[in-house]
Amino acid sequence: MRFPKPTKLRVLSQIVFFFLFLFLLLRTEFRGSLTVSASEIRLPYPVSLFFQFDPLVAISNALSSHALYRGLLWSLVVLIPTMLLGRFFCGWICPLGSIHHFFSSFKSERKRGKQLIDSNRYKRWQTTKYYLLIASLVAAVSGTGVVGWLDPFSLLVRSVGLSILPATDHALRACLGVFEHSRYAFVQTVGGALHFILGALLLSFRQPYFRLGIWLGLIFVFLIALNFRITRFWCRALCPLGALLGIVSRWSVLGLVKNPEHCNDCNRCLLRCQGGDDPIGGVPWHQPECHLCLNCVDECPEHGLRFQFFPGQKAVGVNLQRRKVLTGLAAGVAVVPLARSTSGFATERHERLLRPPGALDEEYFLARCIRCGECMKVCPNNALHPAFSEAGIEGLWTPVLVPRIGYCETSCVLCSQVCPTGAIWEIAEKDKGWSDVARADKPVRLGTAFYDRGRCLPWAMATDCIVCEEWCPTSPKAIYLQPVDVIDATGNSKQVKQPYLDPSRCVGCGACEYACPVQDRPAVYVTSVGESRSRANQILLNRRKG
Amino acid sequence: MQSDSIHLSRRDALVKLLRVAGAGAGAAGLGFWLSKHSWRPEPTLAMAAKRGHTIAADPTLPEIAVITGDDPAQLTRQAVEELGGIRRFIARGDVVLVKPNIGWDRTPEQAANTNPDVVAEVIRQCSNAGAKRVIVTDVSCNDPRRCFQRSGIAEAARLAGAEVVLPDPAMFKDVDLQGETLRAWPVLDLFLNADKIINVPIAKHHSLTGTTLGMKNWYGMLGGPRHQLHQKIHESLVDLADFVRPTLTIVDCYRILARNGPTGGSLQDVILKKTLVAGTDPVALDAYVAKAYWNLEVSSLPYLKMAANRGLGTYEFEKVRMQIKTL
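Residues numbered from 1 in each chain as written. Chains lettered and ligands numbered in written order. Predicted model: local features only at pLDDT ≥ 70, side-chain atom pairs only at ≥ 80, totals over all residues. Heavy atoms only, no water.

Caption draft 1: View of the overall build of chain B. The helix and strand tally for chain B stands at nine helices and twelve strands. Taken over the C-alpha trace, chain B has a radius of gyration of 28 Å; the compact-globule value for 327 residues is 20 Å, which it surpasses by more than 25%. Considering only C-alpha atoms, chain B reaches an extent of 115 × 40 × 40 Å along its principal axes. The long-range fraction of contacts in chain B, counting pairs at least 24 apart against all pairs at least 6 apart in sequence, stands at 73%. Charged side chains in chain B number 39 positive and 34 negative. The centres of these two groups are separated by 5 Å. (Helix = DSSP H or I, 4+ residues; strand = E, 2+ residues; numbered from the N terminus. Rg over C-alpha atoms; globule rule 2.2 N^0.38 Å. Contact = heavy atoms within 4.5 Å. Lys, Arg positive; Asp, Glu negative; His and termini not counted. Charge placed at Lys NZ, Arg CZ, Asp CG, Glu CD.)

Caption draft 2: Quick look at the overall build of chain A. Summing up its helical and strand segments, chain A has 24 helices and ten strands in all. Taken over the C-alpha atoms alone, chain A extends approximately 100 × 65 × 40 Å along its principal axes. Of all 546 residues assigned to chain A, the portion counted as buried reaches 56%. Of the roughly 24100 Å² of accessible surface on chain A, a fraction of 64% belongs to carbon and sulfur atoms. (Buried < 20%, exposed > 50% of the residue type's maximum accessible area, 1.4 Å probe, protein only. Areas by Shrake-Rupley, 256 points an atom, 1.4 Å probe, with all protein chains shown as cover.)

Caption draft 3: Up close: unusual backbone geometry. Cis rather than trans, the peptide bond between A:Ser475 and A:Pro476 has omega equal to -5°. When you line up the elements, A:Pro476 lands in the loop between helix H23 (467-471) and strand E8 (479-487). Looking along the chain, the bond that leaves B:Gly261 and enters B:Pro262 is cis, with omega of 0°. Even without glycine at this site, A:Arg232 takes up a positive phi of about 45°. Take A:Arg232: it is sitting in the loop between helix H11 (213-225) and helix H12 (233-238). A positive phi angle is found at B:Ala111, which is not glycine, with a value near 55°. Looking at the element boundaries, B:Ala111 is found in the loop between strand E2 (95-100) and helix H3 (116-128).

Caption draft 4: Fine view of empty space enclosed by the protein. Under the definition given, this model contains twelve cavities of 30 Å³ or more. Its volume calculated, the largest cavity comes out at about 250 Å³. Taken together, 22 residues make up the lining of the largest cavity; nearest its centre are A:Glu470, B:Trp104, B:Cys141, B:Lys216 and B:Tyr219. Elements with a contribution of two residues or more to the lining of the largest cavity: H23 of chain A together with strand E8 (202-206) of chain B. Among the residues forming the lining of the largest cavity, the class breakdown is nine nonpolar, seven polar and six charged. Size it by volume and the second largest cavity reaches roughly 130 Å³. What lines the second largest cavity is a set of 19 residues, and nearest its centre among them are A:Cys263, A:Cys269, A:Gly281, A:Cys300 and A:Leu305. In terms of residue class, the lining of the second largest cavity is made up of nine nonpolar, six polar and four charged. (1 Å grid on protein atoms, 1.4 Å probe; cavity = no way out; pocket = protein on both sides within 12 Å on 5 of 7 lines; lining within 4 Å. Points joined across faces, edges and corners; volume = space filled by probe spheres on them. Nonpolar A, V, L, I, M, F, W, Y, C, P; charged D, E, K, R; others polar.)

Caption draft 5: Molecular detail of the interface of chain B and chain A. Residue-level contacts link 39 residues of chain B with 50 residues of chain A. Across the chain B to chain A interface the summed buried area is about 3700 Å²; carbon plus sulfur atoms make up 51%. At the surface where chain B touches chain A, the tally comes to four salt bridges. For the pair chain B and chain A, the interface holds 22 residue pairs in polar contact (both at pLDDT 80 or more). Secondary structure elements with two or more residues in the side of chain B that touches chain A: helix H4 (144-150) and helix H5 (153-159) of chain B. If one sorts the elements of the side of chain B that touches chain A by residue count, H4(B) sits on top with five residues. Residue composition of the side of chain B that touches chain A, grouped by class: ten nonpolar, 18 polar and eleven charged. (Buried area = accessible area lost by both parts, 1.4 Å probe. Salt bridge = Lys/Arg side-chain N within 4 Å of Asp/Glu carboxyl O. Polar contact = N/O pair within 3.5 Å; in protein donor to acceptor, adjacent residues only side chain to side chain.)

Caption draft 6: Structural context of the confidence of the model for chain B. On average, chain B scores 93 in pLDDT, and the residues at 70 or more come to 99%. For this predicted complex, the interface confidence reaches an ipTM of 0.90, while the overall pTM sits at 0.92. (pLDDT = per-residue confidence, 0-100.)

Caption draft 7: Structural view of the pattern of salt bridges. A full pass over the atoms with the stated rule returns 45 salt bridges over all chains. Close ionic contact of A:Lys5 with A:Asp298 constitutes a salt bridge, the shortest N to O distance being 3.3 Å. Here A:Asp298 lies in helix H15 (residues 295-299) and A:Lys5 lies in the segment before helix H1 (6-26), a separation of 293 residues in the sequence. You can call A:Lys5 partly exposed: its relative accessible area is 36%. Close ionic contact of B:Arg245 with B:Asp242 constitutes a salt bridge, the shortest N to O distance being 2.7 Å. Beyond isolated ion pairs, a larger network of salt bridges with shared partners links A:Lys5, A:Arg268, A:Arg272, A:Asp298 and A:Glu299.

Caption draft 8: View of the pairing of strand E9 (residues 493-501) of chain A. Residues and elements named next belong to chain A. Summarising the sheet, E8 and E9 pair through nine bridges and their orientation is antiparallel. Looking at E9, one finds that Tyr480 is bridged to Tyr500. Linkage of E8 to E9, two consecutive antiparallel strands, is achieved through a turn of five residues, within which Gly491 is found at a positive phi near 90°. (Pairing = 2+ DSSP bridges.)

Caption draft 9: A look at helix H3 (residues 55-65) of chain A. All names here are of chain A. Of all eleven residues in H3, eight are buried, a share of seventy percent or more. Those residues of H3 that sit buried are Pro55, Leu56, Val57, Ala58, Ser60, Asn61, Ser64 and Ser65. Structurally, H3 contributes buried residues whose contacts are with helix H2 (49-52), helix H4 (76-85), helix H8 (128-141), helix H13 (240-248) and helix H18 (362-368). Looking one or two residues beyond H3, the residue adopting positive phi is His66, at roughly 55°.

Caption draft 10: Inspection of the packing of aromatic side chains at higher detail. Residues and elements named next belong to chain A. Following the criterion strictly, the structure yields 25 aromatic pairs over all chains and no others. Here Phe103 and Phe228 contribute two aromatic rings whose centre-to-centre distance is 6.5 Å and whose plane-to-plane angle is 80°, an arrangement assigned as edge-to-face. One end of the pair, Phe103, is in helix H6 (residues 95-104); the other, Phe228, is in the loop between H11 and H12, with 125 residues separating them in the sequence. For the ring pair Trp459 and Tyr500, a centre distance of 5.3 Å and an interplane angle of 70° mean the geometry is edge-to-face. Residue Trp459 is located in helix H22 (residues 457-460), and its partner Tyr500 is located in strand E9; the two are separated by 41 residues in the primary sequence. Since its relative accessible area comes to 25%, Tyr500 is described here as partly exposed. One aromatic cluster in this structure is built from Phe21, Phe50, Phe51, Phe89 and Phe153. The residue whose ring lies beneath Arg349 is Phe345, and the NZ or CZ to ring-centre distance is 5.8 Å. (Phe/Tyr/Trp six-rings, centres within 6.5 Å; stacked < 30°, edge-to-face > 60°. Lys NZ or Arg CZ within 6 Å of the ring centre and 35° of its normal.)

Caption draft 11: Local environment of the packing of H3(A) against H8(A). Residues and elements named next belong to chain A. Running from N to C, H3 and H8 point in directions that differ by 35°, and their axes come no closer than 7 Å. Between H3 and H8, the residues in contact are Leu56, Ile59, Ser60, Leu63 and Ser64 and Leu133, Leu137, Ala140 and Val141, respectively. Along the lines of polarity and charge, the residues of the contact of H3 with H8 split into seven nonpolar, two polar and no charged. (Axes fitted to C-alpha atoms, helices over the stretch in contact; angles between N-to-C directions.)

Caption draft 12: View of the side chain of A:Glu513. Residues and elements named next belong to chain A. On the secondary structure map, Glu513 appears in helix H24 (residues 511-515). A distance of 2.9 Å separates the side chain of Glu513 from the backbone nitrogen of Val526, its partner in a polar contact. Not counting chain neighbours up to four residues away, the residues in contact with Glu513 comprise Arg352, Pro403, Arg404, Pro522, Val524, Tyr525 and Val526.

Caption draft 13: Expanded view of helix H10 (residues 185-201) of chain A. Counted at 1.5 Å a residue, the expected span for H10(A) with its 17 residues is 24 Å, and the 24 Å between its end C-alpha atoms agrees. Where the residues of H10(A) are buried, they touch helix H9 (152-180) of chain A. (Expected span 1.5 Å × (residues − 1).)

Caption draft 14: Here's a closer look at the environment of A:Ala67. Structurally, A:Ala67 can be placed in the loop between H3 and H4. Distance in space between the C-alpha atoms of A:Ala67 and A:Trp125 is 34 Å, their sequence separation being 58 residues.

Right, dumping it as structure tokens:
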């Protein structure tokens, strides 16, 4: 049997890892079980696995928190082989790289023949990613996880999980609706069967919606579209993980050996080059740019190219310009002081900056959060959304709880389970302590609820309601009622129960705000004051236990 | 000299003209047709639906059975037996909908949802009586995946052989409830197609009505803005009870949630009563349980009288045939 071509193996590897990634992303959801009634709910798959193998996340986490969170040590499995072999990860494993690879393979007007060959030669601008890497790691040293804006897995989970998949959901449900609302029973049955199949494979349990979703999607589509101009533009020019792996591959013992006698400048290696690393004879090979896709070896008609351990041919390393390095350093140094010298961070925190349960105090939270969106994807109530301005510019795309859309479920700690960096520290249901606040040691609190009495039915409209009290999950309930006699519009006296809130029992879950029948702007709402993660953002001198 | 001029035959010219005429006529026809069909879009009208799933009364049998004992499943069996046996309620080939309370993300010990053993036994009874399908569902308040799993009802019901259905938005139909307060409302379609409906609520405290019992359990068939129902809770309860009229009601009082209902949470709120109250008169059942466990008089639960006036039953539970038994 002939051994399969290495490029075929590479494609197979790309497909396997892409679908593994997609599978884990689709399973970043609690799907419920009809067969077990375990009261502790955990996801069956390690859905944030890819982040644990991401050396960029690990290094950023180490720099900003001076420690490595749960499982990030696994990233050595990628980092150390890269030192020996080069950026095999980019060419063989990275699912975002594979997506770009796929879309780069389409020919376009600007990517044909000579133009394609020219565009695949090494370009100076490919060093941009190293400056971005420098800036984001320097920023990490001063305590921020903004590297997640550009980290490929963060980008992918955020874009696909919060925008592309919800859009797919919407489209599929619309199509299924046509079947299911047909007047013919047979078509309805087909629709039901399709719904069942798609539900098992692709659909979320219910249609998710995310704030900023359209923008996350457009950014992603834009990055994909760049491939129609320049092959794998993202990987060549922007990806900070690629830059990191490029730098550490400097000591790589595996290298491209060019046989100049065989090269007749046919340029065919350049036609299919992914990294823009000049595999062609006559010019030096740019080792840190190479993704080890092996296309050039495969393509060369003269068999003049091969990869070899200890190649003994000089290759070009990362070639940076001092001025740009300094600019990158300066930019990284400036991020945190600039972002945190505005009033938003310290003295005028946004009242609706409600963080998920288990979230660290804001300073530590921002240091660890890589804006990946795992917590938002997994939240069963669709309660977590990427922040736009609530957490300042630095906190763009960090998770905020939006109770009007979804409240924090009493027994749920899934966001803390999936967070790859410990920004939401892993907690158990008993640590949350919501069902029995009186007996909980230190219940997690997200904020405190307040009444807008001008909009509350029993307060302003002489009408029965108390849905908020019904939904309040703590025992005893944080919302208590006072019966009062009121006069309604016709002059008749009637008794209604008016709600009050005891901040010592309120955990800020937002169920009251979610359930309030005043649809557009609820008469009860949660603000962050009283959140247990902060020592400063408090109301009560002594918060009674329960 | 005009070398690029083409020769056009009469036939070709005719075909060209016919093509234009056809396309033009098509466009005009479509345009006229569409312009005739322009009206302001309105939501589709709510449909009328089957109401009532009651069975004929039998003066030789008790209308309420109150059974106390240790094993919830055995209590269920006994309660149904006292009322005449399951075959009185379920005929061979029936599609039976069992409606427990699966409203909250709570475990069975916290007594916010119906006891799973009771639900499972009801399902087994129905299957024994030859029911074609037994469906268990509820429109939960909290996340249904958690409610169905952590309540233990999904597992117990599946093992007992029922179809467990977590409602999907596509499964609601706009129905005219034909009530005095409630008219068009989205209803889970499973409630519309069942032959028999068995209500299996749990007895819990509720701040607005004092307790939440059998009739309040019908909130769990509705979608839409059902939080508004509290504004006229008594009228809403009666309209819903009038719409459904269950075959059988079994009020789970094995564990009752005495305080902080309907969500509870703390085990301190739960009282073990080890009792099931079953019957065919939903009004008398609610009146009895409210009096027995919360000492609430009919006067403090206006919906009971309103329901009696509607002909849904009697609130004078002292006057109905009652079988009280301790196993």
